[in-house]
Amino acid sequence: MQHLSQSPTDPAFVQNPYPFYDRARLAGDFFWWDDYAMPCAVSHKAVHAVLRDRRMGRECPPELAPAIPDPLRPFYDIEAHSMLELEPPRHTRLRALVLRAFTSRTIAALAPQITQLCHDLIDRFPDEPFDLLTAYAQPVPVITIARLLGVPEDRADDLLRWSNAMVAMYQARRTQEIEAAAVAASADFSDFMRGYIETRRRTPANDLISTLIAAEEQGEKLTTDELITTCILLLNAGHEATVHTLGNGTKTLLEQNFRTITDTCVEEIIRHDPPLHMFTRWVYEDVQIGNHRFKRGDQIACLLGAANRDPAVYPDPARFDPERSGPQNTSFGGGIHFCVGAPLARLELKIALDVLFARCPDLQLTAPPSYGDVYHFHGLTRLMVSAS
């Protein structure tokens, strides 16, 4: 396996990681990323295979689980109940309970609310140049998921702040300051959700939290700790990736001068410049994939951003093609951990972009966009535009 070195915090890489992926892909389906000390699946075929192979998963083998330092325990206590980090049977039970509440009918019913929210936000756009991320791309998903769960949307700023602090724990630039902020956010977020869940236990409402409380699978319900973690996961995942995708997608559409938003166009936005570039799997038993053998305890990184630009399955993959056909992109993961919020993300993107360009046909960039030092996420720091 070829060894390659590339700092994930290097400014040039942060702004454009795709040339490195192209170089890595020349080495085959897998390469060894020295900076992560980890093998990486880089082709669409290899990423697809690893994501769906049941001999691998998200949960660390117990004999390799690291000791959690006491100062970080509030953060990892929440992670301990996350279906994103668990395997069957716990994952099966948690996901089944969530899916009983997070139905396609529930999501489809949000369309009028999302549409009105987009119009309300656009009504407040200033006449001078402004940051579309803070004015539009951030509030659309965070207010939508808050309304869906049934938490007060006037706490959206707190939810956004807590979520950003917690998600920073997964970034390559993680520091002690980031860890301390994540721990504080974890405690505040958990306290807020615990109080709100207890309120909903006493007085159920027509919201996702009440539905999650009532959901039952073979006689089992979610515990309070599981409910807290699930709500935090839905809030964090429900806005973080969508904010980045909405920002990245708007940037691309403006650069390409393309403004007709179809389902195919939305899928191309999700493929072309995705918000999450790496997703890892632990190996549970010895396995061979292609020409490479992996042993129990190995950890493999699936480079989603690289798989989405694989020329073996996407002709001229760097080109944005709003009518592109081809295999399913990897941006939502795969296998049993396929993103439970994918239908909501697609709906938000379709409505938000459609309304934005219908209301603001003269929208244009007023400053070069730049990406943040947030790898393995990939999102803009700001998107300065003029609407008139």
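Residues numbered from 1 in each chain as written. Predicted model: local features only at pLDDT ≥ 70, side-chain atom pairs only at ≥ 80, totals over all residues. Heavy atoms only, no water.

What follows deals with empty space enclosed by the protein. Evaluated as defined, the whole model comprises two cavities of 30 Å³ or more. Every residue lining the largest cavity is listed: L51, R52, D53, R54, M56, G57, E87, R281, G334, G335, I336 and H337. Breaking the lining of the largest cavity down by element, the ones donating at least two residues are α3 (44-52) and β4 (56-57). Residues belonging to the lining of the largest cavity are distributed by class as follows: three nonpolar, four polar and five charged. (1 Å grid on protein atoms, 1.4 Å probe; cavity = no way out; pocket = protein on both sides within 12 Å on 5 of 7 lines; lining within 4 Å. Points joined across faces, edges and corners; volume = space filled by probe spheres on them. Helix = DSSP H or I, 4+ residues; strand = E, 2+ residues; numbered from the N terminus. Nonpolar A, V, L, I, M, F, W, Y, C, P; charged D, E, K, R; others polar.)

Side chains carrying opposite charge are able to pair once their charged atoms draw close together. In the structure shown here, the tally under the stated rule is 24 salt bridges. In this structure, the salt-bridge partner of E63 is R296, at a minimum N-O distance of 2.8 Å. With a gap of 233 residues between them, E63 in the loop between β4 and α4 (73-79) and R296 in the loop between β8 (292-294) and β9 (299-303) connect regions that are remote in the sequence. Residue class for R296 comes out partly exposed when judged on its relative accessible area of 40%. One salt bridge in this structure joins E226 and R93, with 2.9 Å as the shortest N-O distance. (Salt bridge = Lys/Arg side-chain N within 4 Å of Asp/Glu carboxyl O. Buried < 20%, exposed > 50% of the residue type's maximum accessible area, 1.4 Å probe, protein only.)

Before going further, it helps to spend a moment on unusual backbone geometry. Residue P88 is joined to P89 through a cis peptide bond whose omega torsion reads 5°. You can see P89 is positioned in the loop between α4 and α5 (90-101). One non-glycine residue, A37, lies in the positive phi region at around 50°. Inspection of the secondary structure puts A37 in the loop between β2 (30-33) and β3 (38-41).

With that settled, the discussion passes to the layout of surface pockets. Looking at the second largest pocket, its volume works out to about 350 Å³. Secondary-structure elements contributing two or more residues to the lining of the second largest pocket are α8 (132-137), α10 (156-167), α13 (224-256) and β12 (380-382). When the residues that make up the lining of the second largest pocket are grouped by side-chain class, the tally is nine nonpolar, nine polar and three charged.

Now for the packing of aromatic side chains. According to the stated counting rule, one finds 20 aromatic pairs in the structure shown. Taken together, the aromatic side chains of F13, Y18, F20, Y21, F31, W33, Y36 and Y375 make up a single cluster linked through ring pairs. One residue, R309, lies across the ring of Y18, its end atom 3.6 Å from the ring centre. (Phe/Tyr/Trp six-rings, centres within 6.5 Å; stacked < 30°, edge-to-face > 60°. Lys NZ or Arg CZ within 6 Å of the ring centre and 35° of its normal.)

Another point: the packing of helix α11 (residues 176-202) against α13. Taken N-terminus to C-terminus, the directions of α11 and α13 make an angle of 115°; their axes are 9 Å apart at the nearest point. The chirality of how α11 crosses α13 is right-handed. Listed contacts from α13 to F189, S190, M193, R194, I197, E198 and R201 of α11 are T224, D225, L227, I228, C231, I232, L235 and N236. Looking at the contact of α11 with α13 residue by residue, the class counts come to eight nonpolar, three polar and four charged. (Axes fitted to C-alpha atoms, helices over the stretch in contact; angles between N-to-C directions. Left-handed = near helix turned anticlockwise from the far one by under 90°. Contact = heavy atoms within 4.5 Å.)

Here the focus is the sheet that holds strand β6 (residues 278-283). An order of β1-β2-β3-β9-β6-β4 is seen for the six strands of this open sheet, with the pairing classed as mixed. Looking along the sheet, the strands with just one partner apiece sit at the ends: β1 (3-4) and β4. With two bridges connecting them, β3 and β9 associate as parallel partners. Paired with C40 across the two strands is A301, which belongs to β9. Helix-sheet contacts for α3 involve β2, β3, β4, β6 and β9, and the interaxial angle to β9 is about 130°. (Pairing = 2+ DSSP bridges.)

With that out of the way, let us pick up the sheet that holds strand β10 (residues 364-365). Where strands meet in a sheet, backbone hydrogen bonds hold them as pairs that are either parallel or antiparallel. Spatial ordering of the open sheet is given by β5-β13-β10, a layout of three strands whose pairing is antiparallel. Each having just a single partner strand, β5 (130-131) and β10 make up the two edges of the open sheet. Pairing of β10 with strand β13 (residues 384-386) involves two bridges; the strand directions are antiparallel. Residue pairing across strands places Q364 opposite S386, the latter belonging to β13.

Every buried residue belonging to α3 is among H44, A46, V47, V50 and L51, and all of these are buried. An end-on view of α3 places all buried positions within 165° of arc, on one side of the element. (Arc of directions from axis to C-beta.)

As a further point, take the nonpolar core. Counting residues in each nonpolar core, the largest one holds 87 residues, and the members touching the most others are Y136 and M193. Apart from residues no more than four positions distant in its own chain, M193 is found in contact with V151, I209, I228, C231, I232 and L235. In this structure, V50, I289, C302 and F377 belong to the second largest nonpolar core, which totals 20 residues. (Core = buried A, V, L, I, M, F, W, Y, C linked by side-chain atoms within 4.5 Å.)

Between helix α9 (residues 139-149) and α10, the shortest axis-to-axis distance is 10 Å and the interhelical angle comes to 110°. Viewed along their axes, α9 and α10 adopt a mutual orientation that is roughly perpendicular. For the pair α9 and α10, the contacting residues are V142, I143 and A146 in the first and A156, L159 and L160 in the second. Classifying every residue of the contact of α9 with α10 by side-chain character gives six nonpolar, no polar and no charged. (Parallel < 35°, antiparallel > 145°, perpendicular 65-115°, else oblique.)

Our next topic: the pairing of β3. Taking every second residue as pointing to the same face, both faces of β3 are buried, with M38 and C40 on one and P39 and A41 on the other. Judged from the four bridges that link them, β2 and β3 form a sheet pairing that is antiparallel. Opposite W32, over in β3, you have P39 as the bridge partner. Remark: four residues form the turn of the hairpin made by β2 and β3, two consecutive strands paired antiparallel; A37 in that turn has positive phi of roughly 50°.

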